[in-house]
Amino acid sequence: MVAYENHCVGCTILGMRCYGRSCVNRRVPVLYCDKIGCPANTEGTDTLFVVGDAELCWECVEEIAERNGIDPEDLIEREVETE
Ligand SMILES: [Zn+2]
Ligand SMILES: [Zn+2]
């Protein structure tokens with residue numbers, strides 16, 4: 001899952017120029033693994049992969065692949081893109 005979160009912390013206070021509504025920090029994409037219990041489910045991750053109808057982190061993809069005795073690359077449909 002990709003969530004867009006507001007990470008604007010009053011950029012002007014930090015000496016950065018803030019564009020208000022169009023502030024780049026207002027809509028920061030954060031990738032969360034769909035598997036409950038996975039650390040990336042709550043903390044987020046850098047990369048997500050589409051596997052069936054789920055979006056999973058690499059660790060979860062590897063785990064499923066191992067359990068099924070297949071190559072992780074064969075499970076992955078594509079990498080999740082952010083804007
Ligand atoms: Zn800002
Ligand atoms: Zn995961």
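In the block above lies the structure referred to throughout.
Remember, predicted model here, so these are calculated numbers, not experimental data.

S.K.: Tell me about the overall build of the protein, and please be specific about residues and values.
M.R.: Each helix and strand counted, the protein has three helices and five strands in total. When the helices and strands of the protein are placed in sequence order, the string is β-β-α-β-β-α-α-β. Dimensions of the protein, computed from C-alpha atoms along their principal axes, come out at roughly 50 × 20 × 20 Å. In the protein, which comprises 83 residues, the share counted as buried stands at 10%. Partitioning the intrachain contacts of the protein with sequence separation of at least 6 by distance along the chain shows that 36% fall at a separation of at least 24.

S.K.: Give a detailed account of the nonpolar core, specifying residues and quantitative values.
M.R.: Within the largest apolar cluster, eight residues are counted, these being Cys33, Ala40, Leu48, Phe49, Leu56, Cys57, Cys60 and Val61. Ignoring sequence-local partners within four residues, the contact set of Cys33 consists of Cys38, Ala40, Asn41, Thr45, Leu48, Leu56, Cys57 and Cys60.

So, how was this worked out
- Residues numbered from 1 in each chain as written.
- Chains lettered and ligands numbered in written order.
- Predicted model: local features only at pLDDT ≥ 70, side-chain atom pairs only at ≥ 80, totals over all residues.
- Helix = DSSP H or I, 4+ residues; strand = E, 2+ residues; numbered from the N terminus.
- Buried ≥ 20, exposed ≤ 12 C-beta atoms within 10 Å, placed from the backbone.
- Contact = placed C-beta atoms within 7 Å.
- Core = buried A, V, L, I, M, F, W, Y, C linked by C-beta atoms within 7 Å.

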